[in-house]
Amino acid sequence: MGVSEVQSALAEEGYVAGGRLSMALHLANTLGRPLLLEGPAGVGKTEVAKAMAAIHDTKLIRLQCYEGLDASHAIYEWNYQRQLLAIRASEAQGGTSEAALFSEDYLLKRPLLEAIRQDQPPVLLIDEIDRADEEFEAYLLEILSDFQITIPEMGTITAASRPMVILTANGTRELSDALRRRCLYAYVDYPDRETELAILRARMPAVEGLLARQIVGVVQALRREELEKSPGIAEMLDWAAALSGLGVNDIAQSPEAVQSTLVCLLKTAADYDAAPREVMDRLIGKVA
Amino acid sequence: MQITRFPSRAEGLADRMAGFMAHLRMNGLSVGVRETGDALAALSEVEACDILEAREALSVLLTGDADSWRKFDELFDAYWFNAGKQRQGVANSTHVKVQSARPLMWQEHFEDASAGQEDSAGEDALTPDTGDGEAEGQDGRLMATKTDNLTRRDLRELMDEDSLREAEAAATRLARAMRDRRSRRSKQALRGRELDMRRIQRASLARGGEPLELHRKARPPRPLQIVALCDVSGSMTVYSRVFLAFLKGLVNSDTRTDAYLFHTRLMRVTDAMRDHDTLRAAGRLSLMAEGFGGGTDIAGSLETFLNSYGAKALNGRTVVIILSDGYCTSDATVLGDQLARLKKRSRRVVWLNPLKGWQDYAPVAAAIRAAEPHLDAHLPANTLQALAALEQEFAKL
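Now for a description of the structure that goes with this document. (Residues numbered from 1 in each chain as written. Chains lettered and ligands numbered in written order. Predicted model: local features only at pLDDT ≥ 70, side-chain atom pairs only at ≥ 80, totals over all residues. Heavy atoms only, no water.)

Aromatic rings considered in pairs are described by the distance between their centres and by the relative angle of their planes. Inspection of every chain in the model, using the stated rule, returns 13 aromatic pairs over all chains. With a centroid separation of 6.3 Å and 45° between ring planes, the pair formed by F76(B) and W80(B) is classed as tilted. One end of the pair is F76(B) and the other is W80(B), both in helix α4 (residues 66-80) and four residues apart, which spans about a single turn. We classify W80(B) as buried; its relative accessible area is 15%. Joined through ring pairs, the aromatic side chains of F20(B), F72(B), F76(B), Y79(B), W80(B) and F81(B) make up one cluster. Here the guanidinium or amino end of R20(A) rests over the ring plane of W69(B), the centre of that ring lying 5.5 Å away. Positioned above the aromatic ring of Y187(A) is the side chain of R70(B), whose terminal nitrogen or guanidinium carbon lies 4.9 Å from the ring centre. (Phe/Tyr/Trp six-rings, centres within 6.5 Å; stacked < 30°, edge-to-face > 60°. Helix = DSSP H or I, 4+ residues; strand = E, 2+ residues; numbered from the N terminus. Buried < 20%, exposed > 50% of the residue type's maximum accessible area, 1.4 Å probe, protein only. Lys NZ or Arg CZ within 6 Å of the ring centre and 35° of its normal.)

What follows deals with the packing of helix α10 (residues 193-203) of chain A against helix α12 (residues 233-245) of chain A. All names here are of chain A. Following both chains from N to C, one finds α10 and α12 inclined at 50°, their axes separated by 11 Å at the closest point. As far as their axial angle goes, α12 and α10 are oblique. Where α10 crosses over α12, the two elements pack in a sense that is right-handed. For the pair α10 and α12, contact is made by E196, I199, L200 and R203 and by I233, M236, L237 and A240, respectively. Looking at side-chain class alone, the contact of α10 with α12 contains six nonpolar, no polar and two charged residues. (Axes fitted to C-alpha atoms, helices over the stretch in contact; angles between N-to-C directions. Parallel < 35°, antiparallel > 145°, perpendicular 65-115°, else oblique. Left-handed = near helix turned anticlockwise from the far one by under 90°. Contact = heavy atoms within 4.5 Å. Nonpolar A, V, L, I, M, F, W, Y, C, P; charged D, E, K, R; others polar.)

Below, the discussion takes up the pairing of strand β1 (residues 35-38) of chain A. Residues and elements named next belong to chain A. A two-sided burial pattern is seen for β1, the buried positions comprising L35 and L37 on one face and L36 and E38 on the other. One ladder, built from four bridges, connects β1 with strand β8 (residues 164-169); its direction is parallel. The partner of E38 across the bridge, within β8, is A169. Sheet topology places β1 next to strand β9 (residues 184-187); four bridges connect them, and they run parallel. Note that in β9 the partner of E38 across the bridge is Y187. (Pairing = 2+ DSSP bridges.)

What follows deals with the interface of chain A and chain B. Between chain A and chain B, the contact holds 30 residues from the first and 36 residues from the second. Between chain A and chain B the total buried area reaches about 2900 Å² when both faces are included, carbon and sulfur atoms providing 50% of it. Counting the surface chain A buries against chain B, the share from its top three residues, R20(A), R181(A) and Y185(A), is 25%. Counting every contact that joins chain A to chain B gives four salt bridges. For the pair chain A and chain B, the interface holds ten residue pairs in polar contact (both at pLDDT 80 or more). (Buried area = accessible area lost by both parts, 1.4 Å probe. Salt bridge = Lys/Arg side-chain N within 4 Å of Asp/Glu carboxyl O. Polar contact = N/O pair within 3.5 Å; in protein donor to acceptor, adjacent residues only side chain to side chain.)

Structure follows, in structure tokens:
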């Protein structure tokens, strides 16, 4: 599968990818390397993984990172309750062996272990890796290089198939050089006007041409304003859904609907103050 | 566009790729032998003769962060299409390595400089900086006979190596004093000192009341981070050597300090400052500090900073230090607005002003007057003593 095939396959899944991103995904596939995606919130980093899983018709396994994430939540954990129950239950029949207690029946597989145990290579999405602690990052490096996990009670489990790994980050913390070097890298930025229109068309074919152009124009203009949280693609799609749900055909004609649906675009009080009615009217006037 | 002529003894793609890697390394990307092999492997997976495709593939493979991602195209063109050579006007060399030895990073800053300056700046990069820090037309060693009152002298006159070192040491002390903060709360930690009884009890519920897992907690360090923005415009040239040394001290004291230089635009210099090759670092920095020296646009630079680096560099534990004399061309009200934005997103904003230590100094410049309401402190920084005294001032913040 070449780069252009990846791009068109993504387009079929309703994901409009730029040239570089498609190249990154293509190389991640062929070289078998993890792919690190960076960029502002809401530009579709997570969606890429979903689309990739859909293309390859395989499972998407997601590990959402957070501060304090540890091995027992990311890799595996023993099911103590079941083990205790098994001991109690078997006491009547003369006891159970230790090997039986530490068998796969009592192993709770967390995303990383689950990902390397699949028969068909899944897409493993490690979301917001920069939220996890540095210790976890080191642990992850080990797994990403060997694709094997050692469980002291059972031995080493090697990957049945190599998952396609996609990591996302949006700059909460500097990632280590070691991790960056091991990964392919792509920076996903806000799309330009044409690309965003294509995204809107792919996701919501029902939105008509005029309205779509207006929506994209206003959102693009809003990103140039000084906002604390610039609206991402997800916000744009929400707004489009809200407007079309209200039966709006031309936003210049219905400023009330625009004002009441701004909740989809602006997410902080300061941004509301930064984009009062006059500003919105000016932006709409420009695109209409 | 001229295509690079490679030496006839260059053995095909692998050799050229090695030259490209050296070129990238010179420009601050961390690529090694392994990446060279990977790059060749990646090229075999795509249409290597298609320039666009090859460039995309290599950028995906070789960049590691947003900065290098943005400048990769330029670097690629500079190496494979001789763009760097042509712009800098250097005689064609037949050796691949020579081409890569020239830092291309700053060429955008030279574009608006005159041709003469361009040449001298280029030479600067190659001649090792001796580090004795003499500014043009001033003989720093003259001061050596007056060592006793040296510390009270205005920094304009301090250009010798010792005082530079002292400025750096003052900065290191300052940064260390600020870094040493511990949180009062305790947090779960793998190798903590205390046992986390609450967590142990909660976990033991699932194990029939047996405390199988011992959770621990510790008080995490919550260091203050420093972001330093240093003015290197014309009016500040006389101070820039000492302030650069000060900046270097701040950056080298820990890994979280961020340093930026600005005049009419802003650039991040943390990596250049942290360069372990001191000669190269000095070369890079003096290039940036001296290659220009025109007007100042503080408000514009602050805006650039807030828009492109702010999200990453600022948080509730950041102290922003601005080193500037406050003479700028930008609109004072805009400066006020930008500082208000900055203030909102950081813990403290401190302005170090070399003019403030002067007798009868009054903040009359419009920019400073607009800025003052948004500052937590506006401190003098015209003598080494003043720099050293900052430590106490910062302890209060």
